[in-house]
Amino acid sequence: MERQDAGAGATKTAAVAACIGMAVFYVAILYSPTLILRLPPPNRSNSFLKRRFICAAVSSIVSMIVSILILPITRWDASSLLGVYGIRTDHIWQALVCPLLLTAFMYSGSFALKFLSMLQTSREYFDSGGDLSVACIKSIFLRMIDWVVSKASCMSSWRNYFVAPLTEELVFRACMIPLLLCGEFSTYSVIFFCPVFFSLAHLNHLLEFYLQRNYSLLKACQVVGFQLVYTVIFGAYASFLLIRTGHLTAPLIAHMFCNFMGLPVILSGRSGMVSLVFVLGVVSFSKMLFPLTNPHLYNNEADSCSCWHRYCSWS
């Protein structure tokens, strides 16, 4: 595809207005079943989550339609349209492995802490007279299977590790970033501007904490404020991954991994080794950020692209 005139289909005003509308709609539709459709509140958490899954899916589809109608698209075949959002099957292994490895560097402290905990547990086990028998190995294996099954059957796990990452990356990255890029915003402006929409979409948690969980207003503001800072930082990183690679799988796998791991462990009272390993991980992350996201790793060519493929001018 040859580069199109961005102004012909996406002005800055239209891009920003569309992004604001998508962010508002993503949150508002979650409350539509009870406030607009007047459906009774679900009496089980699973029913509540299923209802939200449907709302998030509708929001994603609507956002994709809005985005594609505004963008200056000349080819309307399935491959080209999906490529607008970075939904591709080519270079899939690079898009899975490289961003996952890169993100894992930031969790070096977490891995070190888990390793030290496992080491301490095994030492206590052997000191108490235990041995590494076949029965012991089988017991560990069965516990791992039980853990995987419990996670797979838990609706909250589906929300945290699949539905939320997928719909959020589709709306707040795959749909918004092409609009902002074609609206002639600079690359780094988009990287730091796009997460603002992502963070504002989490403001509804303020009401949930304050009204439903009976948090004090100060505590609710503190919790949500921390969430906003974290979502801005992660949103900038995810935006960087999508723009740099042109592959939606890259920020998606990073999002899933971060949701699974939680916040990175920076220090631990057990050992200063955790902090040292964390610092080494940060250094490794900084050194490998650009090499592991080189556009040529994820694309056969990076010289004849549309306006939403900024990686063509970012090798």
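Calculation criteria
- Residues numbered from 1 in each chain as written.
- Predicted model: local features only at pLDDT ≥ 70, side-chain atom pairs only at ≥ 80, totals over all residues.
- Heavy atoms only, no water.
- Helix = DSSP H or I, 4+ residues; strand = E, 2+ residues; numbered from the N terminus.
- Buried < 20%, exposed > 50% of the residue type's maximum accessible area, 1.4 Å probe, protein only.
- Areas by Shrake-Rupley, 256 points an atom, 1.4 Å probe, with all protein chains shown as cover.
- Lys, Arg positive; Asp, Glu negative; His and termini not counted.
- Charge placed at Lys NZ, Arg CZ, Asp CG, Glu CD.
- Disulfide = S-S within 2.5 Å.
- UniProt positions renumbered as here; feature names shortened; annotations may be inferred.
- Phe/Tyr/Trp six-rings, centres within 6.5 Å; stacked < 30°, edge-to-face > 60°.
- Patch = residues over 30% accessible without salt bridge, like charges linked within 9 Å, V, L, I, M, F, W, Y side chains within 5 Å.
- Salt bridge = Lys/Arg side-chain N within 4 Å of Asp/Glu carboxyl O.
- Expected span 1.5 Å × (residues − 1).
- pLDDT = per-residue confidence, 0-100.
- Contact = heavy atoms within 4.5 Å.
- Core = buried A, V, L, I, M, F, W, Y, C linked by side-chain atoms within 4.5 Å.
- Axes fitted to C-alpha atoms, helices over the stretch in contact; angles between N-to-C directions.
- Parallel < 35°, antiparallel > 145°, perpendicular 65-115°, else oblique.
- Nonpolar A, V, L, I, M, F, W, Y, C, P; charged D, E, K, R; others polar.
- Polar contact = N/O pair within 3.5 Å; in protein donor to acceptor, adjacent residues only side chain to side chain.

What about the overall build of the protein chain?
Secondary structure summary: the protein chain contains 14 helices and zero strands in total. Listing each helix as α and each strand as β along the protein chain from the N terminus yields α-α-α-α-α-α-α-α-α-α-α-α-α-α. Reported as C-alpha extents along the three principal axes, the dimensions of the protein chain are approximately 75 × 50 × 40 Å. Sorting the 315 residues of the protein chain into buried and exposed places 42% on the buried side. On the protein chain, roughly 16,900 Å² of surface is accessible, and the fraction owed to carbon and sulfur atoms is 69%. With 22 positive and 14 negative side-chain charges, the protein chain shows a separation of 10 Å between the mean positions of the two kinds.

Digging into the state of the cysteines
Under the definition given, this model contains two disulfides. Each disulfide pairs two cysteine sulfurs, and for cysteine 182 the partner residue is cysteine 307, the sulfurs being separated by 2.0 Å. Looking along the S-S bond of the cysteine 182-cysteine 307 disulfide, the torsion reads about 90 degrees, which is the right-handed sense. One end of the pair, cysteine 182, is in helix α8 (residues 155–182); the other, cysteine 307, is in the segment after α14 (295–298), with 125 residues separating them in the sequence. Accessibility classification places cysteine 182 together with cysteine 307 in one group, the buried group.

A closer look at the UniProt feature "transmembrane region" (unreviewed entry) in the protein chain
With numbering aligned to this structure, UniProt lists the feature "transmembrane region" (unreviewed entry) at residues 14–32, 53–73, 93–113, 179–203, 223–243 and 273–290. Counting secondary structure, residues 53–73 comes out at 86% helix and 0% strand; the distance between its end C-alpha atoms is 30 Å. Helix makes up 100% of residues 223–243 and strand 0%, whereas the separation of the span's terminal C-alpha atoms amounts to 30 Å.

Points about the packing of aromatic side chains
For the structure on display, the rule yields 14 aromatic pairs. When the centroid spacing of 5.2 Å and the interplanar angle of 75 degrees are considered together, the rings of tyrosine 26 and phenylalanine 172 count as edge-to-face. Residue tyrosine 26 is located in helix α1 (residues 12–28), and its partner phenylalanine 172 is located in helix α8; the two are separated by 146 residues in the primary sequence. No difference in accessibility class separates tyrosine 26 from phenylalanine 172, as the two residues are buried. Between the aromatic rings of tyrosine 161 and phenylalanine 260, the centroid separation amounts to 5.7 Å while the plane-to-plane angle is 65 degrees, which identifies the pairing as edge-to-face.

Topic: a nonpolar patch on the surface
Together, Phe25, Ile54, Val58, Val62 and Val66 make up a nonpolar patch on the protein surface, roughly 360 Å² of accessible area in all. Note on placement: valine 66 falls in helix α3 (residues 45–70).

Overview of helix α11 (residues 217–245)
In a regular helix each residue adds 1.5 Å, so 29 residues correspond to 42 Å; α11 covers 41 Å between its end C-alpha atoms and thus fits that length. Directly beyond the C-terminal end of α11, a positive phi value near 70 degrees is found at glycine 246.

A look at the pattern of salt bridges
When the charged atoms of two side chains with opposite charge come close together, those side chains can pair. For the structure on display, the rule yields three salt bridges. A salt bridge links aspartate 90 to arginine 88; its shortest N-O distance comes to 2.7 Å. On the basis of relative accessible area, aspartate 90 is assigned to the partly exposed category, the value being 31%. With its nearest N and O atoms 2.7 Å apart, the salt bridge here joins arginine 173 to glutamate 169.

Considering the confidence of the model for the protein chain
Overall, the predicted model of the protein chain reaches an average pLDDT of 86, with 90% of residues at or above 70. No element of the protein chain has a lower mean pLDDT than helix α10 (residues 204–212), which averages 67, and none a higher one than helix α5 (residues 92–105), which averages 97. Segment residues 1–8: pLDDT under 50, and 23 contacts once partners within four positions in sequence are set aside and those in other chains are kept.

Focus: the nonpolar core
Core analysis: the biggest nonpolar cluster contains 60 residues, and Phe172, Met176, Leu180, Val190 and Tyr237 have the highest contact counts within it. Secondary-structure elements contributing two or more residues to this core are α1, α3, α4 (78–84), α5, α8, α9 (187–200), α11 and α12 (249–261). In this structure valine 190 touches Ile177, Leu180, Leu181, Phe185, Pro195 and Ile243, once residues within four positions along its chain are discounted.

Quick notes on the packing of α11 against α12
Two elements in contact, α11 and α12, have axes whose closest approach is 8 Å; the angle formed by their N-to-C orientations is 150 degrees. For the element pair α11 / α12, the angle class is roughly antiparallel. Across the interface between the two elements, Tyr230, Phe234, Tyr237, Ala238, Leu241, Leu242 and Thr245 from α11 touch Ala250, Pro251, Ala254, His255 and Cys258 from α12. Residue composition of the contact of α11 with α12, grouped by class: ten nonpolar, two polar and no charged.

Comments concerning the side chain of arginine 173
Inspection of the secondary structure puts arginine 173 in helix α8. Among the polar contacts made by the side chain of arginine 173, one reaches the side chain of glutamate 169 at a distance of 2.7 Å. With sequence-adjacent residues up to four places away left out, arginine 173 is seen in contact with Glu168, Pro178, Phe198, Phe234, Gly235, Ala238, Ser239, Leu242 and His255.

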